[in-house]
Amino acid sequence: AQTVTQSQPEMSVQEAETVTLSCTYDTSESDYYLFWYKQPPSRQMILVIRQEAYKQQNATENRFSVNFQKAAKSFSLKISDSQLGDAAMYFCAYRSAYSGAGSYQLTFGKGTKLSVIP
Amino acid sequence: EAGVAQSPRYKIIEKRQSVAFWCNPISGHATLYWYQQILGQGPKLLIQFQNNGVVDDSQLPKDRFSAERLKGVDSTLKIQPAKLEDSAVYLCASSLNLWGRARETQYFGPGTRLLVL
């Protein structure tokens, strides 16, 4: 079974600064997808960024980028120019590209709470 | 585009009582998921529907939890009887399609916070 580990329960960053959230995962599969989801206090989870394991190029979405190290099974999220609205729980998630029964289950880490200091 | 709707937003019950949660996915989304998120943890999949058929319910405690998705649209998750350890946020999510699309985005609702006393 796949596992996802987020070793930083809480992080803080000054507004306009850069912060990196860590995520490691364990899998024996070669093809999969990795996601970062954001969950603000209102609890609605929002997809931040997605990475396909077969792509060597790191995904970027505006101020959000990832550092994907497949051999090390590491998938960190970098937030540049942090804004007050970035304050939230951030979850790293894994999804296999294979499914015999059609179930592409998301496996989540425990999350990192990010605070943004004005 | 309207998002995933859930109700109620909050529910407090006593142990051994019954409770039901409702979810309305994004229009046209064939796949619907129910997750349980216990405080301090990431969401855990309970059940997954493709249209009105169950794709995966391997982590659903079937002795007390049940779910249905009539007509392939709205879904209801029920707990009967509730236990203290069922206190959690129950999240509903939907995606456009499932088959062959592992990269597909799941859109989440705001969740229902359940407290069992």
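Refer to the structure printed above.
Computed from a predicted structure; not experimentally measured.

**Structural notes on the state of the cysteines**
Okay, step 1: Inspection of every chain in the model, using the stated rule, returns two disulfides over all chains.
Okay, step 2: Between the sulfur atoms of C23 of chain A and its disulfide mate C92 of chain A the distance is 2.0 Å. Its torsion about the S-S bond being -70 degrees, the disulfide of C23 of chain A and C92 of chain A is classed as left-handed. Within this pair, whereas C23 of chain A is found in the loop between β3 (19–21) and β4 (24–26), its partner C92 of chain A is found in strand β10 (residues 88–96), the two being separated by 69 residues in sequence.
Okay, step 3: A residue is classified by how much of its surface remains accessible, and C23 of chain A, at 1% relative accessible area, is buried.
Okay, step 4: At a sulfur-sulfur separation of 1.9 Å, the disulfide partner of C23 of chain B is C92 of chain B. Around the S-S axis, the bridge from C23 of chain B to C92 of chain B shows a dihedral of about -70 degrees and counts as left-handed. One end of the pair, C23 of chain B, is in strand β3 (residues 19–24); the other, C92 of chain B, is in strand β9 (residues 88–95), with 69 residues separating them in the sequence.

**A look at the environment of N52 of chain B**
Residues and elements named next belong to chain B.
Okay, step 1: Examined against the element boundaries, N52 turns out to sit in the loop between β5 (44–50) and β6 (53–56).
Okay, step 2: For N52, a relative accessible area of 52% corresponds to the exposed category.
Okay, step 3: With 21 residues separating them in the primary sequence, N52 and V73 have C-alpha atoms 7.5 Å apart.

**A few points about the sheet that holds strand β8 (residues 75–79) of chain B**
Residues and elements named next belong to chain B.
Okay, step 1: Judged by pairing direction, the sheet is antiparallel, and its four strands sit side by side in the order β1-β3-β8-β7 without closing on themselves. Every interior strand has two partners, whereas the edge strands, β1 (5–7) and β7 (65–68), have only one. Ignoring strand direction, the axes of neighbouring strands in this sheet form an average angle of 15 degrees.
Okay, step 2: With four bridges joining them, β7 and β8 adopt antiparallel strand pairing. Opposite E68, over in β8, you have T76 as the bridge partner.

Reading the values: the criteria
- Residues numbered from 1 in each chain as written.
- Chains lettered and ligands numbered in written order.
- Predicted model: local features only at pLDDT ≥ 70, side-chain atom pairs only at ≥ 80, totals over all residues.
- Heavy atoms only, no water.
- Disulfide = S-S within 2.5 Å.
- Helix = DSSP H or I, 4+ residues; strand = E, 2+ residues; numbered from the N terminus.
- Buried < 20%, exposed > 50% of the residue type's maximum accessible area, 1.4 Å probe, protein only.
- Pairing = 2+ DSSP bridges.
- Axes fitted to C-alpha atoms, helices over the stretch in contact; angles between N-to-C directions.

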